[in-house]
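Residue strings, one per chain:
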Amino acid sequence: MATVSVPPVLTSPREDAILLYRAFKGFVCDTAAVINILAHRNASQRALIQQEYKSMYSSDLTERLSSELSGDVKRAVILWMYDPAARDASIVQQALCGGSINLKATTEVLCSRTPSQIQNLRQLCYSMFKCYLDHAIELEASGDHQKLLLAYINALRPEGPEVNRSVVENDAKALYKAGEKKFGTDEKTFIHIFSERSRAHLAAVSTTYHNIYDRELGKAIKKETSGHFAYGLLTILRCAENPGMYFAKVLHKAMKGLGTDNSTLIRVIVTRAEIDMQYIKSEYHNKYGKTLNDAVHSETSSHYRAFLLALLGPNHH
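Read on for a plain summary of the structure. Please read all numbers here as calculations on a predicted model, not as lab measurements.

Side note on the environment of I236
Looking at the secondary structure, you find I236 in helix 15 (residues 227-241). Using a relative accessible area of 3% as the deciding quantity, one classes I236 as buried. Separated by 204 residues in sequence, I236 and A32 have C-alpha atoms that sit 38 Å apart.

Quick word on the environment of N120
Relative to the helices and strands, N120 resides in helix 8 (residues 115-129). Classification of N120 as partly exposed rests on a relative accessible area of 38%. In sequence terms N120 and A85 are 35 residues apart; their C-alpha atoms lie 6.0 Å from each other.

Overview of helix 1 (residues 13-25)
Across its 13 residues, helix 1 extends 18 Å between first and last C-alpha, which sits within 8% of the 18 Å expected from 1.5 Å per residue. Buried within helix 1 we find D16, A17, L20, A23 and F24. End-on, the buried residues of helix 1 take up no more than an arc of 120°, which puts them together on one face. With respect to the buried face of helix 1, the exposed residues turned more than 90 degrees away are R22 and K25. The inward-facing, buried residues of helix 1 abut helix 2 (31-38), helix 3 (43-57) and helix 4 (61-68).

Structural notes on the pattern of salt bridges
Following the criterion strictly, the structure yields 17 salt bridges and no others. K223 serves as the salt-bridge partner of E180, at 3.4 Å between the closest nitrogen and oxygen. Taken as a pair, E180 in the loop between helix 11 (165-178) and helix 12 (187-196) and K223 in helix 14 (residues 217-224) lie far apart in primary sequence, 43 residues in all. According to the relative accessible area criterion, E180 is buried, its value standing at 17%. A salt bridge links E241 to R238; its shortest N-O distance comes to 3.2 Å. Taken together, the residues E241 and R238, both in helix 15 and three residues apart, mark about one turn of the helix. Several salt bridges converge on common partners, so that one network encompasses R46, R87 and E274.

Procedures and definitions
- Residues numbered from 1 in each chain as written.
- Predicted model: local features only at pLDDT ≥ 70, side-chain atom pairs only at ≥ 80, totals over all residues.
- Heavy atoms only, no water.
- Helix = DSSP H or I, 4+ residues; strand = E, 2+ residues; numbered from the N terminus.
- Buried < 20%, exposed > 50% of the residue type's maximum accessible area, 1.4 Å probe, protein only.
- Expected span 1.5 Å × (residues − 1).
- Arc of directions from axis to C-beta.
- Contact = heavy atoms within 4.5 Å.
- Salt bridge = Lys/Arg side-chain N within 4 Å of Asp/Glu carboxyl O.

Below you can see the structure in the form of structure tokens.
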């Protein structure tokens, strides 16, 4: 459920390239014109515009955008120009191999993606940035968090909706035994089940856990584990149960209190706009009583605000 609105009568990629070139030509960049075009083109259209721009002006559009824009709007637009797999690779590369290590962002991206998305991301991390994902995780993460990420990116989980009820029940019991039932926690069991099972399976485990023990698996994780390890397990679990709600909470947290965590705002809005933003918006509104558009509007300004709001689409209650 994407939110990117493509205009009913579309200019050709060639015309878009010409309009962008004109927007760059003035004394200052016409940022509004740039946003007006790029925020309303889907992934394949953006790729065609980049090809046209290259063939007409012998220069790279993303590099040109990088030199014309600045600040948060630049970061958001540049990220938007990548296709989804390259975008994920660029986020993870910056968070793991870049200057400022961000284990939370790394964990959020890796633990919310499907096995096939992870394989693509991993190949691109290497081919685009010479960042070897496993090695970077070994270097920057530690303890159970490191073990979970390595297991999660290497396990070949099924992606279908099929669920084996007896395995589900065994897993629910094993997790209870490994966590709430014992003194201390058997992290190995959590890592094994959370990295090897499909989303459909984990969602069923969560329901079964609640049915058998009248307790919530998410609460058990919060009680039994901590830090980035807990964050990874919870991300895997929440994205199995309801990814829309998971990302609504991440966005709410980024805007809560004083100041705004713009890198999280950009990362989530840009990466989810063409996937499930409608669901995220509806979960956000149900949980927090205001629209995501209104929240973003009050936390951002200028061209940056205009770009994010364009990606979010119309402000429905």
